[in-house]
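Below are the chains, spelled out letter by letter.
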Amino acid sequence: YVPQLNAFANSGIYSSNLQTLYRNFGMSAGLHFVMPIYDGYQRRNMNRQFDLETENLRIGRDYAARQLSSGLYYLMQQIQTTRQSITLIDEQIWQHELLLNILKDKIVLGQTSVTDYLVSLQEFSTSYKNKAVAESNLLLLINQYNYVNW
């Protein structure tokens, strides 16, 4: 899109006989000038296309960053919730142990039935299973967080 001016020159001999050398000697010189007058708005369109592509890349990069941040925040919330539930399950297990000890003493005195003790023992076992599931889920969430955040 800038005017260009080129100069050229050449010369040569085309003869095998020295006596006719002056007739077969030639030279030429010239100028070549190029000035674009109209390009059909091609330059403006290319600049607009480049600007749009740059904007599209920026938007895609920002979207990916927001997605990553949102995913990490969601995983961190799940990790915290799972840790809280493990704490609650631990408290529940402690209360079940206390209840089992009380029921054991009442069975010896004959104040409660064995079925109540068995139901309480089954709930205690279920709480332990829930704790194992919650701990494995916590480890999976931590693993997923580390994978995404790497």
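Description of the structure in this document. Bear in mind that the values here come from a model prediction, so they are computed numbers and not experimental data.

Cut-off values and rules
- Residues numbered from 1 in each chain as written.
- Predicted model: local features only at pLDDT ≥ 70, side-chain atom pairs only at ≥ 80, totals over all residues.
- Heavy atoms only, no water.
- Helix = DSSP H or I, 4+ residues; strand = E, 2+ residues; numbered from the N terminus.
- Rg over C-alpha atoms; globule rule 2.2 N^0.38 Å.
- Buried < 20%, exposed > 50% of the residue type's maximum accessible area, 1.4 Å probe, protein only.
- Contact = heavy atoms within 4.5 Å.
- Areas by Shrake-Rupley, 256 points an atom, 1.4 Å probe, with all protein chains shown as cover.
- Lys, Arg positive; Asp, Glu negative; His and termini not counted.
- Charge placed at Lys NZ, Arg CZ, Asp CG, Glu CD.
- Salt bridge = Lys/Arg side-chain N within 4 Å of Asp/Glu carboxyl O.
- Core = buried A, V, L, I, M, F, W, Y, C linked by side-chain atoms within 4.5 Å.
- Patch = residues over 30% accessible without salt bridge, like charges linked within 9 Å, V, L, I, M, F, W, Y side chains within 5 Å.

### Section: the overall build of the chain
- Of regular secondary structure, the chain possesses 2 helices and 2 strands.
- For the chain, the sequential pattern of α-helices and β-strands runs β-β-α-α.
- Relative to its length of 150 residues, the chain is extended, with a C-alpha radius of gyration of 44 Å against a globular reference of 15 Å.
- Projected onto the principal axes, the alpha-carbon positions of the chain cover approximately 145 × 40 × 15 Å.
- Expressed as a percentage of its 150 residues, the buried residues of the chain come to 14%.
- At a minimum sequence separation of 6, the contacts of the chain that also span at least 24 residues come to 64%.
- Summing over all exposed atoms, the chain offers an accessible surface of approximately 12,700 Å²; the carbon and sulfur share of this is 58%.
- Measuring between centres, the 12 positive side-chain charges of the chain sit 16 Å from its 12 negative side-chain charges.

### Quick look at the pattern of salt bridges
- According to the stated counting rule, one finds 4 salt bridges in the structure shown.
- With its nearest N and O atoms 2.5 Å apart, the salt bridge here joins Arg58 to Glu55. With Arg58 and Glu55 both in helix α1 (residues 42–109), this residue pair falls 3 residues apart, about one helical turn.
- Judged by relative accessible area, Arg58 falls into the partly exposed class, the value being 34%.
- Across the pair Lys131 and Asp90 runs a salt bridge whose closest N-O atoms are separated by 2.8 Å. With a gap of 41 residues between them, Lys131 in helix α2 (residues 114–149) and Asp90 in helix α1 connect regions that are remote in the sequence.
- Note on Asp90: relative accessible area 31%, which makes it partly exposed.
- A network of salt bridges, in which partner residues are shared, links Glu55, Arg58 and Asp62.

### Focus on the nonpolar core
- Counting residues in each nonpolar core, the largest one holds 12 residues, listed as Leu75, Ile79, Ile86, Ile89, Ile93, Leu100, Leu103, Tyr117, Phe124, Ala134, Leu138 and Leu141.
- At the level of elements, α1 and α2 are the ones that each hand at least two residues to this core.
- Per element, the largest residue contribution to this core is 7 residues, and it comes from α1.
- Sequence-distant contacts of Ile89, that is, excluding residues within four places in its chain, are made with Ser127, Asn130, Lys131 and Ala134.

### Thoughts on the side chain of His96
- Along the polypeptide, His96 turns up in helix α1.
- Each residue touching His96, except ones within four places of it in the same chain, is listed here: Ser120, Glu123, Phe124 and Ser127.

### A closer look at unusual backbone geometry
- Of note, Tyr41 is a non-glycine position whose phi angle comes to about 60°, a positive value.
- Within the secondary structure, Tyr41 is located in the loop between β2 (25–34) and α1.

### Things to note about a nonpolar patch on the surface
- The grouping of Leu5, Leu31, Phe33, Met35, Ile37, Tyr38 and Tyr41 at the surface amounts to a nonpolar patch, some 930 Å² of accessible area in total.
- Mapped onto the elements, Ile37 comes out in the loop between β2 and α1.

### A short note on the environment of Asn24
- If you trace the backbone, Asn24 turns up in the loop between β1 (4–13) and β2.
- We classify Asn24 as partly exposed; its relative accessible area is 29%.
- With 109 residues separating them in the primary sequence, Asn24 and Val133 have C-alpha atoms 101 Å apart.
- Here Asn24 is in contact with Gly12, Ile13, Tyr14 and Ser15, once residues within four sequence places are set aside.

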